[in-house]
Amino acid sequence: MESPTAKAFHGTLIHTPNPTTIEILPDTLLIISKTGKIEYIRLSTKPTDIPTLLKQQNYNPDEFPLSTLRPTEFLIPGFIDTHTHAPQWSQRGLGRGIPLLQWLEEITFAHESKLADPVYAKQLYRLAVQGSLKQGITTACYYGSRHKDASLILAETCLLIGQRALIGKCNMNRHAPDWYVDSSAEESLSDTLEFISAVKKLDDAAGRVTPVITPRFAITCDEPLLRGLGDVVRQYPDIPIQTHFNESHGEIDFTRTLFPEFKNETELYSNFGLLTERTILAHAIYPQPEEIPLLKELGCGVAHCPIPNTTMDEFMVAPVREYLDQGIKVGLGTDCGGGYSSSMLEVMRAAFMVSVAKQTETKGRDRPLNIAESFYLATMGGARVAGLGDRVGRFAVGFEFDACLVRTDVGDGIMAPVEEVVDDAEKVFEKFLMTGDDRNIVKVWVRGREVKGMMA
């Protein structure tokens, strides 16, 4: 893999600096430093002005690598997958139409248990990370298996291949098969601390991989384990936390029987110190009304996963509009084995469709997501949920260059005729979001390093 080198692009950039705005920036000069950060942006730049501008930035225009984008190309920020399970890459598509807890018992735990074999872990995780990057996902918030060593292999794989990642060793010491549980709360906590230390040694300074405290959910963690994880949070206050949250009626009811002293899951996790501004709550489909203002107050983020939410045994629609209106951070998640697609483009489409269903359910109260909002959730919104909102998710000086090069005339040209690309970039961008696929994502960079494609 190439090391980051200084480079420049001239052409169209598209991003969403906020949930309501798509900025289409044609004829833009973008300069990336050798450290992989955006150091210069100039809008409406004529090609004849570029040599002078490069000289002003202390670059020799005769030697400096400049990529001029075609009329059929544009750059977008890399996608942020705020919730996915790397061990489930091999089980994608299995278990449609059955309840969540049954799906875990009959399919998922068996697949995840295979990660005890480090050879298998290396093979599977290479496929998972490469497959994710192929879809333009430059940052992924991964749940690993319960295995400390395999989760470290996942971190090493992300570093080797080049994906930015938040990675957690799953904590689970009950309510799973006896061949797939941590033997005790003490072992689970010890493995977590060792995992955190090992990942920090791998990449603490660069921040390309980050350890995440990951109680799978309250069902699989007893009280001593949750209390101990709260202690870990206090020991490492900057480390993110992720868990499944209000995911299904069955999960909520079972949790209530295990922790009857708490009114809801927000109160439960908060009691153990696991809800902070760095917490990522996966799914969050069925919050009680009093939970939403508390989540806002605590600064938690939500990973919205519309594909798995609608392909289990019921059609479950999270109140995303209410979260957004309340100012709660929201990103999108593929959920890998929990759904049928690893494509963030398909997740955006599903998010739009279920938001229309929510509008119908609420008799018009909850407005459906628009194109700007869907794209924002997949990029800048996800960056905020992952605690990276000051580093990636949009194009700005000082931000790291995590980006995708989109080409609309690849293959059989299924997206649009070439002349449309020239005439109306906004329409072509919408067509990409609604009909494009990984073939249109021809190059991907993470922190300035190319991780997919070769310059054509």
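My aim in this report is to walk through the structure given alongside it, one point at a time. Not measured: the values here are computed from a predicted model.

1. Quick notes on the overall build of the chain
Regarding its fold elements, the chain presents 16 helices and 18 strands. A compact globule built from 456 residues should have a C-alpha radius of gyration of about 23 Å, and the chain, at 22 Å, falls within 12% of that. Taken along its principal axes, the extent of the C-alpha atoms in the chain is 70 × 50 × 40 Å. Each of the 456 residues in the chain was classed as buried or not, and the buried ones make up 59%. Carbon and sulfur atoms form 51% of the exposed surface of the chain, whose accessible area is close to 17,400 Å².

2. A few points about the side chain of Asn246
Mapped onto the elements, Asn246 comes out in the loop between β12 (241–245) and α7 (249–258). The contact partners of Asn246, leaving out residues within four places of it in the chain, are Glu251, Ile252, Glu265, Ala284, Ile285, Tyr286, Pro287 and Glu291.

3. Description of the environment of Ile441
Along the chain, Ile441 falls in strand β17 (residues 441–446). Spatially, the C-alpha atom of Ile441 lies 6.5 Å from that of Arg407, the residues being 34 residues apart in sequence. Those residues in contact with Ile441, other than ones at most four positions away along the chain, are Phe79, Gln135, Gly136, Leu345, Cys404, Leu405, Phe432 and Lys452.

4. A look at the packing of helix α12 (residues 344–361) against helix α16 (residues 425–435)
It is the contact of α12 with α16, at a shortest axis distance of 7 Å, that shows an interaxial angle of 95 degrees. Between α12 and α16, the crossing angle belongs to the class labelled roughly perpendicular. Note on element contacts: α16 touches α12 through Phe432, Leu433, Met434 and Thr435, opposite Leu345, Met348 and Arg349.

5. Points about α7
Residues Glu251, Ile252 and Thr255 constitute the buried set of α7. The arc enclosing the buried residues of α7, seen along the axis, measures out at 95 degrees, which places them on a common side. Packed against the buried residues of α7 are α2 (100–113), β12 and α8 (265–271).

6. Notes on the state of the cysteines
One pass over the structure, following the stated rule, counts zero disulfides. Free cysteine Cys305: the closest other cysteine sulfur is in Cys141, separated by 10 Å.

7. Description of the nonpolar core
Within the largest apolar cluster, 102 residues are counted, with the highest numbers of intra-cluster contacts made by Ile76, Phe79, Tyr142, Ile167 and Phe432. Looking at this core element by element, the count peaks at seven residues for helix α4 (residues 148–161). Excluding its chain neighbours within four sequence positions, the residues that come into contact with Ile167 are Tyr142, Ser151, Leu154, Ala155, Cys158, Phe195, Val209, Thr210, Pro211 and Val212. One finds Leu13, Phe401, Ala403 and Val442 within the second-largest nonpolar core, a separate group that totals 17 residues.

8. Some remarks on α16
Those residues of α16 not exposed but buried are Val428, Phe429, Phe432 and Leu433. Burial along α16 is one-sided: seen end-on, the buried residues are contained in an arc of 140 degrees. With respect to the buried face of α16, the exposed residues turned more than 90 degrees away are Glu426 and Lys427. Capping the start of α16 is the job of one residue whose side-chain oxygen sits 3.3 Å from the backbone nitrogen of Glu426: Asp424.

9. Considering unusual backbone geometry
In this model, Asn246 sits at a positive phi of 45 degrees, which is unusual for a non-glycine residue. The class of Asn246 is buried, set by a relative accessible area of 2%.

Quick notes on the rules
- Residues numbered from 1 in each chain as written.
- Predicted model: local features only at pLDDT ≥ 70, side-chain atom pairs only at ≥ 80, totals over all residues.
- Heavy atoms only, no water.
- Helix = DSSP H or I, 4+ residues; strand = E, 2+ residues; numbered from the N terminus.
- Rg over C-alpha atoms; globule rule 2.2 N^0.38 Å.
- Buried < 20%, exposed > 50% of the residue type's maximum accessible area, 1.4 Å probe, protein only.
- Areas by Shrake-Rupley, 256 points an atom, 1.4 Å probe, with all protein chains shown as cover.
- Contact = heavy atoms within 4.5 Å.
- Axes fitted to C-alpha atoms, helices over the stretch in contact; angles between N-to-C directions.
- Parallel < 35°, antiparallel > 145°, perpendicular 65-115°, else oblique.
- Arc of directions from axis to C-beta.
- Disulfide = S-S within 2.5 Å.
- Core = buried A, V, L, I, M, F, W, Y, C linked by side-chain atoms within 4.5 Å.
- Polar contact = N/O pair within 3.5 Å; in protein donor to acceptor, adjacent residues only side chain to side chain.

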